[in-house]
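Coordinates in review
Now for the letters of each chain:
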Amino acid sequence: MKWPLLLLLGSTGVIIVALCIFALLIRNRYQHHHRVDPSVPTEAPMSWLADPREPARLHRRLSRVGTATSRVVEDHQPRVRRLRRVEPSPVQAAAVALRAQAVALDRQVNRLAVLTPRARRSELASVSRSVAEVETACTRLVALSSEVLAPRGLALDDPTLLDVTGQVERLAQAHQELLALDDAAGLVRPDDPTVAER
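Residues numbered from 1 in each chain as written. Predicted model: local features only at pLDDT ≥ 70, side-chain atom pairs only at ≥ 80, totals over all residues. Heavy atoms only, no water.

Before going further, it helps to examine the nonpolar core. Judged by nonpolar contacts, the single largest core of 24 residues is most densely connected at Leu62 and Val127. Elements with a contribution of two residues or more to this core: helix H2 (54-75), helix H3 (90-113) and helix H4 (117-149). Ranked by residue count, the leading element in this core is H3, at eight residues. (Core = buried A, V, L, I, M, F, W, Y, C linked by side-chain atoms within 4.5 Å. Buried < 20%, exposed > 50% of the residue type's maximum accessible area, 1.4 Å probe, protein only. Helix = DSSP H or I, 4+ residues; strand = E, 2+ residues; numbered from the N terminus.)

A separate point is the environment of Gln101. For Gln101, the location among the structural elements is in helix H3. In this structure, the C-alpha to C-alpha distance between Gln101 and Leu62, residues 39 residues apart in sequence, is 9.6 Å.

With that settled, consider the pattern of salt bridges. Counting across every chain of the model gives four salt bridges. The partner of Arg53 in a salt bridge is Asp51, with the nearest N and O atoms 2.7 Å apart. For Arg53, a relative accessible area of 51% gives the class exposed. Take Asp51: its relative accessible area is 10%, and that puts it in the buried class. Of the charged contacts, one joins Glu135 and Arg61 as a salt bridge, the two residues approaching to 2.8 Å between their closest N and O atoms. (Salt bridge = Lys/Arg side-chain N within 4 Å of Asp/Glu carboxyl O.)

Together, Leu5, Leu8 and Leu9 make up a nonpolar patch on the protein surface, roughly 310 Å² of accessible area in all. Among the secondary structure elements, Leu5 is positioned in helix H1 (residues 2-34). (Patch = residues over 30% accessible without salt bridge, like charges linked within 9 Å, V, L, I, M, F, W, Y side chains within 5 Å. Areas by Shrake-Rupley, 256 points an atom, 1.4 Å probe, with all protein chains shown as cover.)

Its location among the elements puts Thr42 in the loop between H1 and H2. Its relative accessible area of 22% is what places Thr42 among the partly exposed residues. If we ignore the near neighbours within four places in the chain, the residues touching Thr42 are His34, Arg35, His59, Asp106 and Asn110. Of note is the side chain of Thr42, whose polar atom sits 3.2 Å from the backbone nitrogen of Ala44. A distance of 2.9 Å separates polar atoms of two side chains, one belonging to Thr42 and the other to Asp106. (Contact = heavy atoms within 4.5 Å. Polar contact = N/O pair within 3.5 Å; in protein donor to acceptor, adjacent residues only side chain to side chain.)

This is a description of form; function is not addressed.
Here's what the structure looks like:
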């Protein structure tokens, strides 16, 4: 009778531990997604993931800016590890600065959230304008990053390509004219079969 009871308790303990680990992993994932900068803890409560009030909406917008700028930073990391420290590219430096500004705005939103709605209304309007500016800058930065990373191809109407094509055509035409002059002067081509017969 003791062995089945011990087996039941042991399996229940294993299931509880597995569920706790799973819950901690989910919580860690949400916290990582909830932060503006993954390396900087935020004071925003987890309830702001779905809260419809203005401070929570501003925090979620800043969180999306942080996610986008983090991707830009990762995209512009050098692929090869080097022994010495490499200076960040201008796009990467701009992404880091924009993410730092978003973190500062998120701190301001968290401080304003503890005030009464009437006391924070004018300040939140100002922060909301700043958040909109950061979002616009982030959109431009992501577009610029995509342009920098996209491989450039030859356009069919590229002027340099058309110029080279024109040069080849002019060269072929000049060669035909030289051959016509040689024929008119009575010069024989070395590959002419009539020369071999003579």
